[in-house]
Amino acid sequence: MNSVIEKDLLRNTAASSILDTQYFIGTSTQYLLATGEYTRRIHLDSAASCLAFKPAYNAAGAYLQHYSNTHSEAHFSAKISTRLFRWSQEQVLKFVSADADKFVTLYSGNGATGAINRASRLLSQIYPERPGVLISIMEHHSNDLPHRVSHDHYYHIPCVGSGSEAGQVCLAALEELLAKHRGKIRYIAVTGASNVTGIINPIHDIAELAHSYGTLVIVDASQLIAHRQVKMSDDGSAARSIDALCFSGHKIYSPGSPGVLVIRKDLIANLAPTEFGGGMVDSVFTSDFIVQEQLPEREEAGTPNIYGAVFLGCTLYSIRRAGFQLVAQHETQLLDILLTKLPKISGVKVYGSLGVPRTGTVSFNLAGVDHELLARILNDYFNIAVRNQCFCAHPYVRELILKDLWDLDPDLSMEEIEAKKGMVRVSLALYNTREDIELLLNALTKVAANPSAYTRNYQIQTDGSYKNMRFMAESHFDIESILNDCF
Ligand SMILES: Cc1ncc(COP(=O)(O)O)c(C=O)c1O
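Residues numbered from 1 in each chain as written. Predicted model: local features only at pLDDT ≥ 70, side-chain atom pairs only at ≥ 80, totals over all residues. Heavy atoms only, no water.

Considering the overall build of the protein chain
Heads up, the rule is: Secondary structure elements are defined from DSSP: runs of H or I of at least 4 residues count as helices, runs of E of at least 2 residues count as strands, and each element is numbered from the N terminus. Classification of residues uses two cut-offs on accessible area relative to the type maximum, computed with a 1.4 Å probe and protein chains only: under 20% is buried, over 50% is exposed, and between them is partly exposed. With residues, only the protein chains shown are counted as cover, and all accessible areas are computed by Shrake-Rupley using a 1.4 Å probe.
Per the secondary structure count, the protein chain includes 16 helices and 21 strands. Considering only C-alpha atoms, the protein chain reaches an extent of 70 × 65 × 45 Å along its principal axes. Classification of the 487 residues of the protein chain by burial places 54% in the buried group. Carbon and sulfur atoms form 52% of the exposed surface of the protein chain, whose accessible area is close to 21300 Å².

Some thoughts on the pattern of salt bridges
Any two side chains of opposite charge can pair, given that their charged atoms come close. For clarity, the cut-off: Salt bridge, as applied in this entry: a Lys or Arg side-chain nitrogen positioned within 4 Å of an Asp or Glu carboxyl oxygen.
Scanning the entire structure with this criterion turns up 19 salt bridges. As a salt-bridge pair, E297 and R86 come within 3.6 Å of each other at their nearest N and O atoms. Taken together, the residues E297 in the loop between strand 14 (289-291) and helix 9 (306-322) and R86 in helix 3 (residues 76-95) connect sequence positions 211 residues apart. Residue classification places E297 among the buried positions, given a relative accessible area of 18%. Given the relative accessible area of 22%, R86 is considered partly exposed. Of the charged contacts, one joins R118 and E275 as a salt bridge, the two residues approaching to 3.7 Å between their closest N and O atoms.

Here's the deal with the site of the ligand
Stated formally: We call a residue near a molecule or strand when any one of its heavy atoms sits within 4 Å of it. The term polar contact refers here to a pair of N or O atoms within 3.5 Å; inside protein, the definition further demands a hydrogen-donor-capable atom paired with an acceptor-capable atom, and it admits residues adjacent in sequence only when both atoms are side-chain atoms. Residue classes follow a fixed rule: Ala, Val, Leu, Ile, Met, Phe, Trp, Tyr, Cys and Pro count as nonpolar, while Asp, Glu, Lys and Arg count as charged, and any other residue, Gly among them, counts as polar.
Around the ligand, the surrounding shell holds 13 residues, and the nearest of these are T113, D220, S248, H250 and K251. With respect to the ligand, the backbone of N110 contributes an N or O atom lying 3.4 Å from an oxygen atom. At a separation of 2.5 Å, a nitrogen atom of the ligand approaches a polar side-chain atom of D220. Burial of the ligand by the surrounding chains reaches 86%, relative to a free accessible area of 390 Å². Ranked by the residues each element gives to the shell around the ligand, the list is headed by helix 4 (residues 111-123), at three residues. In terms of residue class, the shell around the ligand is made up of one nonpolar, 10 polar and two charged.

Brief notes about the packing of helix 3 against helix 9
We apply this condition: All axes are obtained by fitting lines to C-alpha atoms, using only the stretch in contact for helices, and the reported angles, taken between N-to-C directions, cover 0 to 180 degrees. Roughly parallel refers to an angle under 35 degrees, roughly antiparallel to one over 145, roughly perpendicular to one between 65 and 115, and oblique to any angle outside these ranges. Handedness of a crossing follows from how the near helix is turned relative to the far one, being left-handed for an anticlockwise turn of less than a right angle and right-handed for a clockwise one. Note on contacts: a residue pair is in contact if any heavy atoms of the two residues lie within 4.5 Å.
Between helix 3 and helix 9, the least distance of the axes is 8 Å, while the angle of their chain directions is 40°. Classified by the interaxial angle, the pair formed by helix 3 and helix 9 is oblique. Here helix 3 and helix 9 pass one another in a crossing that is left-handed. Contacts between helix 3 and helix 9 involve S81, L84, F85, W87, S88, Q91, V92, K94 and F95 on the former and, on the latter, I306, A309, V310, L312, G313, C314, L316, Y317, I319 and R320. For the contact of helix 3 with helix 9, the residue count by class is 13 nonpolar, four polar and two charged.

Quick word on the state of the cysteines
How we decide: We call a pair of cysteine sulfur atoms a disulfide when they lie within 2.5 Å.
Considering all chains together, one arrives at zero disulfides under this definition. With no disulfide partner, C246 has as its closest neighbouring cysteine sulfur the one in C392, 16 Å distant.

Remarks on helix 9
Heads up, the rule is: Between the first and last residue of a helix there are one fewer steps than residues, each counted as 1.5 Å, and that sum is the expected span.
With 17 residues, helix 9 extends 24 Å from end C-alpha to end C-alpha; this agrees with the ideal 24 Å at 1.5 Å per step. Counting buried positions along helix 9 yields 14 of 17 residues, so the element is predominantly enclosed. Regarding helix 9, its N-cap is N305, as a side-chain oxygen of that residue lies 2.8 Å from the backbone nitrogen of G308 further along. Taken from the residues just after helix 9, G323 is the one with a positive phi, measuring 95°.

Remarks on the sheet that holds strand 16 (residues 361-366)
Strands pair in a sheet through their backbones, by hydrogen bonds, and they do so in one of two ways: parallel or antiparallel. Stated precisely, the cut-off is as follows: Between any two strands, pairing holds if DSSP finds at least two bridges.
Taken together, four strands build an open sheet; the order of strands is 15-16-19-18 and the sheet is antiparallel. This sheet does not close on itself; its edge strands, each paired only once, are strand 15 (348-350) and strand 18 (387-389). Put simply, the sheet's adjacent strands are angled 30° from each other on average, direction ignored. Examined bridge by bridge, strand 15 and strand 16 share three bridges and lie antiparallel to one another. Across the sheet, the residue bridging to V348 is L366, located in strand 16. Sheet contacts for helix 11 (residues 371-382): strand 16, strand 18 and strand 19 (423-427); angle to strand 18, the most-contacted strand, approximately 165°.

As for the sheet that holds strand 12 (residues 259-264)
With respect to topology, seven strands assemble into an open sheet ordered 6-12-11-10-9-7-8, the strand pairing being mixed. Both outer strands of the open sheet, strand 6 (103-108) and strand 8 (153-157), are each paired with one neighbouring strand and no more. Along the sheet, successive strands turn relative to each other by an average axial angle of 20°, direction set aside. Set on the sheet, helix 3 makes contact with strand 6, strand 11 (244-248) and strand 12; between it and strand 6 the angle comes to about 115°.

As for the environment of K94
Position of K94 relative to the elements: it lies in helix 3. Spatially, the C-alpha atoms of K94 and S194 are 24 Å apart, while their sequence positions differ by 100 residues.

A short note on the domain arrangement of the protein chain
Buried accessible area, meaning the area lost when the parts come together, often serves as the stated size of an interface. For clarity, the threshold we go by: Residue ranges assigned to each domain were obtained from an automatic or database domain assignment. As used here, buried area is the combined drop in accessible area, with a 1.4 Å probe, of two parts when they are placed together.
For the protein chain, the assigned domains are domain 1 (2-52 + 323-468) and domain 2 (57-321). Distance between the C-alpha centres of domain 1 and domain 2: 27 Å. Taken together, the 49 residues of domain 1 in the interface contact 50 residues of domain 2. Each partner contributes to the roughly 4300 Å² buried at the junction of domain 1 and domain 2, and carbon and sulfur atoms together form 60% of this total. Between the two partners, domain 1 and domain 2, sit one salt bridge. Of the charged contacts, one joins R228 and E331 as a salt bridge, the two residues approaching to 3.4 Å between their closest N and O atoms. In this assembly, domain 1 and domain 2 are joined by 27 residue pairs in polar contact (both at pLDDT 80 or more). At the level of secondary structure, the elements contributing two or more residues to the side of domain 1 that touches domain 2 comprise helix 1 (2-12), strand 1 (24-25), helix 10 (324-341), strand 15, strand 16, helix 12 (394-408) and strand 19.

Next up, the structure:
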């Protein structure tokens, strides 16, 4: 059966076709704009969620003909489901070059957030003599707060440089912290790439440094997994190997799929499970119960998201086959155009050092146009979907923006800064084209040249949001009538 799914995928995705926009669902979706035109939506919000990869969606849909619950060999469908679920976990391990004898894939119901919470709950049980954690300042809240609440002490690692020029996590500062708290740090939590600036961290150098101090490393690969080849170890050595890695399936073209934790089996083999219920026990008595010994079973309470896992497995299988060179090359080409032209637009300020490796995620502001207003203008007049605000990374955004806000007005209070902080973020994926980038740059050039032609149409609301007084952005999707048509 597994090879049937693989054959289907092989038919559907020749190596070069992964870059074909028709392989992604929603690349030709149209909306009516404030200009009265219907145009194609340009999705530049992939750091939040990627559009779905159609061949994987189709293959996972075909699997629904065999859908059944897992954890049984009693009937044909249960066997297929059980095997495909395990196949998807193998695909994850292969995708990140993790040795199946040493690592295990655990799925969570709520994306990387669930996976990271599980990792921190599990690892907080080991090394009791090491009650502290180090967390980089670049983290999404989901790779920061779970570690804070599960540990007695936490310390933030700064970046190289400061303010809007900040770069990667500072290895010298990291080593200083490791030396200062020698023997007291359980693990380091660090992102593979920032969800704000796209800056890529040297995760294997961090692992090597951490291990030299007897400390573990958890990498949040949510913003890296779809953009660069991620390997647990870059040279195959244990010294440079990440100990636990997390990401969300929806950030790699598989909406509705689980969050993923790849973690060293030896670290968690004897720990108390993080969740209890059916599926993870051998025997239950009224007075006691016996937990399964093997992994991943002892960490798999309840019915898993089988369909989502199969979808994710199919996507990972296809991308691995297409090869990461193609993926990284495509994104780098688009990013080069964006990073060359965007800072040249009058009033645009791009955040984060431009001299370090980055994924296709770029955050910026346009002087005189609030980030919220600019995001709405790009949507209403240009059909460009971007994200704004602080992207669940408040400490990092504050660090990037604070100095600029004070330069503009040294009397700004911290409260006013809190109200003003934010940026506009564009983020690229496999389905974006050169045309998408040109359309974005043209739109920003137009707004920068004559902001009031757009801003005058908006009124600020009491909650700080902006309303277009001449146009109601159409965001209605009548799922009930579509459903009725299906009967
Ligand atoms: C770097 C990073 N980590 C973690 C998360 C949390 O992902 P999820 O909301 O899927 O749990 C995100 C989401 O944007 C992210 O960008």
